[in-house]
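A closer look at the structure
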Amino acid sequence: SSVSTQSTGRAMGDENHVTDLSVIGTKKVKNPEKYYVFTIRLTRLNNSVSIIYRRYSEIFEMHCAMIEEFRELVTSKPRWLPPLPKGNPMGRNNAARAEERLEQLREYSLDLMKLDAKYISSEIMTDFFSVNDDDMKFMKEKNEDDNDVKNAAETIGGPVILEEYEAIEDYKPTDKKSVSLSAGEVVEVLEKSNSGWWYISWSGGIGWVPANYLRSVDGDGEDMQPCDGGKIARGL
């Protein structure tokens, strides 16, 4: 399920203050070395949504900088900021290690966003949450990949069969990245994120929807009923 966390305070007047954070997956990068980055989805005070990509070493550096700047984060009882394993080299089984770290970071993010707004709005965190050139590059690559998937059926390489799913009930989007669904509407799934959100193509365009609002048209998958009376944790 998606890990979605909300900060306990707000930076008054700062519309870029992060109010919601989700670690939604990993991305393998070859540039020219091979490494993984973690995909982080941010919602800000002005309700804008940003996607940033960070290496584990960058997350660990931020963690250490916060401890150095705010010692009370680790001296309080219980400590406010949990330990974060050192970023050792991944070794041969990079994919497995990335998945292991993904779970660690999802747990870590829960405690991180419970911190008071003064920590979330600190210069260290503000810099960490800022969208940089690499983030823009990765987002452009993702958009191009999505277009490739949409257009692949028309290429010489032969058709790509996308899975069809049916909406089991109406869904209203909670932000700019998600899209609406009507009960009975059939969509094509472009990407299945292990966060519980799927990237779909439908008559209205392309966007994210909660997986538990969809069921397989072919009848191969189990029906997934909305949890908590139709509500789902906000964010991917």
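Before reading further, recall that the structure is shown in the block above.
Here's a quick rundown of the structure. (Residues numbered from 1 in each chain as written. Predicted model: local features only at pLDDT ≥ 70, side-chain atom pairs only at ≥ 80, totals over all residues. Heavy atoms only, no water.)

Here we come to helix α1 (residues 56-69). Relative to the 20 Å expected for 14 residues at 1.5 Å per residue, α1 spans 20 Å between its end C-alpha atoms, a close match to the ideal helical length. The set of residues buried in α1 consists of Tyr56, Ile59, Phe60, Met62, His63, Met66 and Ile67. Projected onto a plane normal to the axis of α1, the buried residues spread over an arc of 160° and lie on a single side. Facing away from the buried side of α1 by over 90 degrees, the exposed positions are Glu61, Glu68 and Glu69. (Helix = DSSP H or I, 4+ residues; strand = E, 2+ residues; numbered from the N terminus. Expected span 1.5 Å × (residues − 1). Buried < 20%, exposed > 50% of the residue type's maximum accessible area, 1.4 Å probe, protein only. Arc of directions from axis to C-beta.)

Read from one edge of the open sheet, 5 strands run β8-β7-β6-β5-β9, paired in antiparallel fashion. Only two strands of the sheet have a single partner each, and these edge strands are β8 (205-210) and β9 (214-216). Strand-to-strand twist across the sheet, computed as the mean angle between neighbouring axes with direction ignored, equals 45°. The pairing of strand β5 (residues 163-167) with β9 spans 3 bridges and is classified as antiparallel. Considered in β9, the bridge of Tyr165 is made with Ser216. (Pairing = 2+ DSSP bridges. Axes fitted to C-alpha atoms, helices over the stretch in contact; angles between N-to-C directions.)

On the surface, a cluster of negative charge is contributed by Glu58, Glu61, Asp133 and Asp134. Listing elements by their share of the negative patch, those giving two or more residues are α1 and α6 (133-151). (Patch = residues over 30% accessible without salt bridge, like charges linked within 9 Å, V, L, I, M, F, W, Y side chains within 5 Å. Areas by Shrake-Rupley, 256 points an atom, 1.4 Å probe, with all protein chains shown as cover. Salt bridge = Lys/Arg side-chain N within 4 Å of Asp/Glu carboxyl O. Lys, Arg positive; Asp, Glu negative; His and termini not counted. Charge placed at Lys NZ, Arg CZ, Asp CG, Glu CD.)

Further remarks concern the environment of Leu45. Tracing the backbone through its elements, the reader meets Leu45 in the loop between β3 (34-44) and β4 (49-54). When the C-alpha positions of Leu45 and Asp20 are compared, they lie 8.8 Å apart, and in sequence the two are 25 residues distant.

The element strand β7 (residues 197-202) is largely enclosed, with a buried count of 6 among its 6 residues. Alignment of strand β6 (residues 186-192) against β7, held across 4 bridges, turns out to be antiparallel. In the strand pairing of β7, Val189 is matched with Ile200. Hairpin connection of β6 to β7: 4 residues between the antiparallel strands, including Gly196 at a positive phi of 100°. Pairing geometry for β7 and β8, over 6 bridges, is antiparallel. By the bridge assignment for β8, Trp202 is matched with Gly205.

Summed over all chains, the structure comprises 3 salt bridges. For Glu103, the salt bridge is made with Arg106, and the minimal N-O distance between the two is 3.1 Å. Taken together, the residues span about one helical turn, with Glu103 and Arg106 both in helix α3 (residues 94-112) at a distance of 3 residues. Residue classification places Glu103 among the partly exposed residues on the basis of a relative accessible area of 42%.

Turning our eyes to something else, we now look at the nonpolar core. Inside soluble globular proteins, nonpolar side chains tend to come together where they are buried. Counting 29 residues, the largest nonpolar core has Met62, Met66, Leu81, Leu112 and Phe129 as its most contacted members. When contributions to this core are tallied by element, the ones reaching two or more residues are β2 (18-30), β3, α1, α2 (72-75), α3, α4 (117-120) and α5 (123-129). At 6 residues, the largest contribution of residues to this core is made by α1. Filtering out sequence-adjacent residues up to four positions away, Met66 remains in contact with Leu73, Leu81, Tyr119, Ser122, Ile124 and Met125. Within the second largest apolar cluster, 18 residues are counted, among which are Leu181, Val189, Trp197 and Trp198. (Core = buried A, V, L, I, M, F, W, Y, C linked by side-chain atoms within 4.5 Å. Contact = heavy atoms within 4.5 Å.)

Our focus in this paragraph is the packing of aromatic side chains. Scanning the entire structure with this criterion turns up 9 aromatic pairs. Here Tyr53 and Phe138 contribute two aromatic rings whose centre-to-centre distance is 5.2 Å and whose plane-to-plane angle is 75°, an arrangement assigned as edge-to-face. With a gap of 85 residues between them, Tyr53 in strand β4 and Phe138 in helix α6 connect regions that are remote in the sequence. The class for Phe138 is buried, based on a relative accessible area of 5%. Over the ring of Tyr35 we find Arg55, and its NZ or CZ is 3.8 Å from the ring centre. The residue whose ring lies beneath Arg101 is Tyr56, and the NZ or CZ to ring-centre distance is 4.4 Å. (Phe/Tyr/Trp six-rings, centres within 6.5 Å; stacked < 30°, edge-to-face > 60°. Lys NZ or Arg CZ within 6 Å of the ring centre and 35° of its normal.)

Omega for the peptide link from Lys77 to Pro78 comes to -5°, which places this bond in the cis form. Of note in this structure, Asn47 is not a glycine but carries a positive phi near 70°. Accessibility expressed as a relative area gives 48% for Asn47, which makes it partly exposed.

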